[in-house]
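Summary of the model geometry
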Amino acid sequence: MGEEEPEAAPTPEEQPEHQPDGLDLARAAARAAAASPGAPRARRRSPSRRRTFTKSSGASPDDRDPQLLEQAMGRLIASHGWEVDLKVQGVFGRWGELVGSEVADHCTPESFDDGRLAVRTDSTAWATQLKLLAPTIVRRLNEELGHGTVTLIDVHGPHLPTWTKGRLSSRDGRGPRDTYG
């Protein structure tokens, strides 16, 4: 029971003949690299990361087959829940067609959130007019978007300068009121 001596490399007479495809040389080089001390170990893939290939799709179509762009976009929109958002943006783009050109010249939709459509007018007179037209506009929009999508129209007047700061402001003053509209 003595110490075992490492195997000596085979002599040229003992080596098998070289194969023409070179696989024997590649295997010998890989064994030599793995046996040398300090060499990095070869990484092995874990079973969960192995690639698995499924059968081909066969005669009937499935998701791996080429798809029409319209079908693929439809599935993408449905999977992310973007249907209502896209319809609302379509309404914003066709605002003049839906409410009429005269109203559209003076009122623009700004945002839509939880059934509330915010509309900005260019004067306080048009804000009052739009408040009177709101039920009719809500009905038209719900015909386009689906029943109950728009529940309320928030009408905002024009953007006005603020008089709360500066050298011309007065404390507890009413300000200019309806001067800009």
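Higher on the page you've got the structure.
Residues numbered from 1 in each chain as written. Predicted model: local features only at pLDDT ≥ 70, side-chain atom pairs only at ≥ 80, totals over all residues. Heavy atoms only, no water.

Some thoughts on unusual backbone geometry
With the exception of glycine, the majority of residues adopt a negative phi angle, and the majority of peptide bonds are in the trans configuration. Despite not being glycine, Asp-114 shows a phi value in the positive range, around 50 degrees. When its relative accessible area of 71% is taken as the criterion, Asp-114 is described as exposed. (Buried < 20%, exposed > 50% of the residue type's maximum accessible area, 1.4 Å probe, protein only.)

Thoughts on the packing of helix H3 (residues 83-93) against helix H6 (residues 124-145)
Following both chains from N to C, one finds H3 and H6 inclined at 130 degrees, their axes separated by 10 Å at the closest point. Here H6 runs oblique to H3, going by the angle between their axes. Our pair here, H3 against H6, has a crossing hand that is right-handed. Facing Lys-87, Val-88 and Val-91 of H3, the residues of H6 in contact are Leu-141, Glu-144 and Leu-145. The residue inventory of the contact of H3 with H6, partitioned by class, reads four nonpolar, no polar and two charged. (Axes fitted to C-alpha atoms, helices over the stretch in contact; angles between N-to-C directions. Helix = DSSP H or I, 4+ residues; strand = E, 2+ residues; numbered from the N terminus. Parallel < 35°, antiparallel > 145°, perpendicular 65-115°, else oblique. Left-handed = near helix turned anticlockwise from the far one by under 90°. Contact = heavy atoms within 4.5 Å. Nonpolar A, V, L, I, M, F, W, Y, C, P; charged D, E, K, R; others polar.)

Section: the sheet that holds strand S2 (residues 116-121)
Where strands meet in a sheet, backbone hydrogen bonds hold them as pairs that are either parallel or antiparallel. If you trace the three strands from one edge of the open sheet to the other, you get S1-S2-S3, paired in mixed fashion. Edge positions in the sheet fall to strand S1 (107-113) and strand S3 (152-156), since each of these pairs with one other strand and no more. Ignoring strand direction, the axes of neighbouring strands in this sheet form an average angle of 25 degrees. In this structure, S1 lies alongside S2, joined through six bridges in antiparallel fashion. Looking at S2, one finds that Asp-113 is bridged to Arg-116. Its contacts with the sheet place H3 against S1 and S2, and it is angled at close to 175 degrees to S1. This element, H6, spans S1, S2 and S3 of the sheet and lies at about 155 degrees to S3. (Pairing = 2+ DSSP bridges.)

Here's the deal with the environment of Ser-111
The topology assignment puts Ser-111 in strand S1. The spacing of Ser-111 and Val-88 is 23 residues in sequence and 9.2 Å in space, taken between C-alpha atoms. Apart from the residues lying within four places of it in its own chain, the contact partners of Ser-111 are Phe-92, Arg-116, Leu-117 and Ala-118.

As for the pairing of S3
Residues Ile-153 and Val-155 line the buried face of S3, whereas the alternating positions Leu-152, Asp-154 and His-156 sit on a face that is not buried. Of the pairings in the sheet, the one linking S2 to S3 comprises five bridges and is parallel in character. If you follow Leu-117 over to S3, its bridge partner there is Ile-153. The parallel pair S2 and S3, bridged by H6, forms a crossover whose chirality is right-handed. (Right-handed = clockwise from strand over helix to strand, strands pointing away.)

Remarks on H6
Each α-helix turn comprises 3.6 residues. Residues three or four places apart therefore point the same way. Along its length, H6 reaches its greatest deviation from straightness, about 55 degrees, at Leu-133, and the proline Pro-135 lies no more than four positions downstream. Every buried residue belonging to H6 is among Trp-126, Ala-127, Leu-130, Ala-134, Ile-137, Val-138, Leu-141, Asn-142 and Leu-145, and all of these are buried. Here the buried face of H6 lies against H3, helix H4 (95-99), helix H5 (101-106), S1, S2 and S3. (Bend = angle between axes of the 7 residues up to and from the residue.)

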